[in-house]
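# Survey of secondary and tertiary structure
Now for the letters of each chain:
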Amino acid sequence: MVISRVSRIGARAVRELSRRGTSTSLVRRQLVPRRHSSPTMQPSDKLFQGALLQKRFFCSVTTADDAHEGHDEEKDKISVTFVDKDGEEKQIKVPIGMSMLEAAHENDIELEGACEGSLACSTCHVIVMDMDYYNKLDDPTDEENDMLDLAFGLTETSRLGCQVIARPELDGMRLAIPAATRNFAVDGYVPKPH
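As annotated in an unreviewed UniProt entry, the protein carries the name 2Fe-2S ferredoxin-like isoform X2 and is attributed to Rhodamnia argentea.

Here we take up the sheet that holds strand E1 (residues 77-83). Strand order in the open sheet made by the 5 strands is E2-E1-E5-E3-E4, with mixed pairing throughout. Looking at which strands have only one partner, the edges of the open sheet turn out to be strand E2 (89-95) and strand E4 (158-160). Here the average twist between neighbouring strands, direction ignored, is 35°. Bridging between E1 and E2 involves 7 bridges; their strand directions are antiparallel. Each bridged residue has a counterpart across the sheet, and for threonine 81 the counterpart in E2 is glutamine 91.

The subject of this paragraph is the pattern of salt bridges. The final tally for this structure, using the stated rule, is 4 salt bridges. Aspartate 138 serves as the salt-bridge partner of arginine 167, at 3.4 Å between the closest nitrogen and oxygen. Placement of arginine 167 in the loop between E4 and strand E5 (173-176) and of aspartate 138 in the loop between helix H6 (131-136) and helix H7 (142-148) is noted, with a sequence separation of 29 residues between them. Linking glutamate 144 and arginine 159 is a salt bridge whose minimum nitrogen-to-oxygen distance equals 2.8 Å. Here glutamate 144, found in helix H7, pairs with arginine 159, found in strand E4; they are 15 residues apart in sequence, far enough to count as distant. Judged on exposure class, the residue glutamate 144 and its partner arginine 159 are both buried. Taken together, the shared-partner salt bridges connect Asp138, Arg167 and Glu169 into one network.

The next point concerns the nonpolar core. In terms of nonpolar packing, the biggest core is built from 28 residues, with Phe82, Val94, Met100, Leu111, Met173 and Leu175 touching the most fellow members. At the level of secondary structure, the elements contributing two or more residues to this core comprise E1, E2, helix H5 (100-106), strand E3 (125-128), H6, H7 and E5. The element contributing the most residues to this core is H5, with 4 residues. Ignoring anything within four residues of it in the chain, the contact list for valine 94 reads Asp76, Lys77, Ile78, Val80, Met100, Ala103 and Ala166.

Moving on, we come to the environment of alanine 114. Summarising the element assignment, alanine 114 is placed in the loop between H5 and E3. Considered as a pair, alanine 114 and cysteine 124 are 10 residues apart in the sequence and their alpha carbons are 7.7 Å apart.

Further remarks concern a negative patch on the surface. Together, Asp142, Glu143, Asp146 and Asp149 line one region of the surface with negative charge. You can see aspartate 149 is positioned in the loop between H7 and E4. Overall, aspartate 149 belongs to the exposed group, its relative accessible area being 55%.

Definitions and limits used
Residues numbered from 1 in each chain as written. Predicted model: local features only at pLDDT ≥ 70, side-chain atom pairs only at ≥ 80, totals over all residues. Heavy atoms only, no water. Pairing = 2+ DSSP bridges. Helix = DSSP H or I, 4+ residues; strand = E, 2+ residues; numbered from the N terminus. Axes fitted to C-alpha atoms, helices over the stretch in contact; angles between N-to-C directions. Salt bridge = Lys/Arg side-chain N within 4 Å of Asp/Glu carboxyl O. Buried < 20%, exposed > 50% of the residue type's maximum accessible area, 1.4 Å probe, protein only. Core = buried A, V, L, I, M, F, W, Y, C linked by side-chain atoms within 4.5 Å. Contact = heavy atoms within 4.5 Å. Patch = residues over 30% accessible without salt bridge, like charges linked within 9 Å, V, L, I, M, F, W, Y side chains within 5 Å. Areas by Shrake-Rupley, 256 points an atom, 1.4 Å probe, with all protein chains shown as cover. Lys, Arg positive; Asp, Glu negative; His and termini not counted. Charge placed at Lys NZ, Arg CZ, Asp CG, Glu CD.

So, in structure tokens, the structure goes:
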């Protein structure tokens with residue numbers, strides 16, 4: 001009978017939880033079917049029964065996921081090297097889907113981004129140092145091209161850092177940061193990281 005099976009499962013759960021120090025009366029109130037309920041299993045009983053039956057499998061799957069978490073995390077990042085105006089290089093790991101502007105800010109690389117990535121300035125101008133990587137990027141939009149026209153030191157491989165998004169095929173890309181930017185802020189203004 002369905003109720004007796006649920007009751008056995010419930011009793012097992014009560015013993016397990018009381019062994020862990022959980023209040024038995026509280027557990028019984030939640031698990032034991034009420035006398036006035038119908039003799040069929042309630043949806044909440046099915047959920048509870050499934051949770052008990054899958055308890056051991058859940059733990060082993062979680063353990064396997066935890067073991068591979070670090071490996072998957074590294075797999076979801078690409079290596080990007082920023083070269084500053086003095087020629088100093090800084091190699092960082094960038095998560096897939098993150099813009100180069102965000103990655104620069106998270107890694108204390110001086111890439112301005114005055115408009116915070118809203119395509120309203122050219123202060124996150126970067127130069128892709130290898131034409132092969134430049135060709136792997138999506139074509140710039142008209143809005144990006146309009147902003148690039150205002151950029152200082154524009155080159156054939158210039159892009160806005162806010163529009164260059166990390167993808168697996170960009171692993172190993174090198175980006176040069178121009179010596180200056182054209183910003184309408186007062187001279188000496190240092191933007192706060194976002």
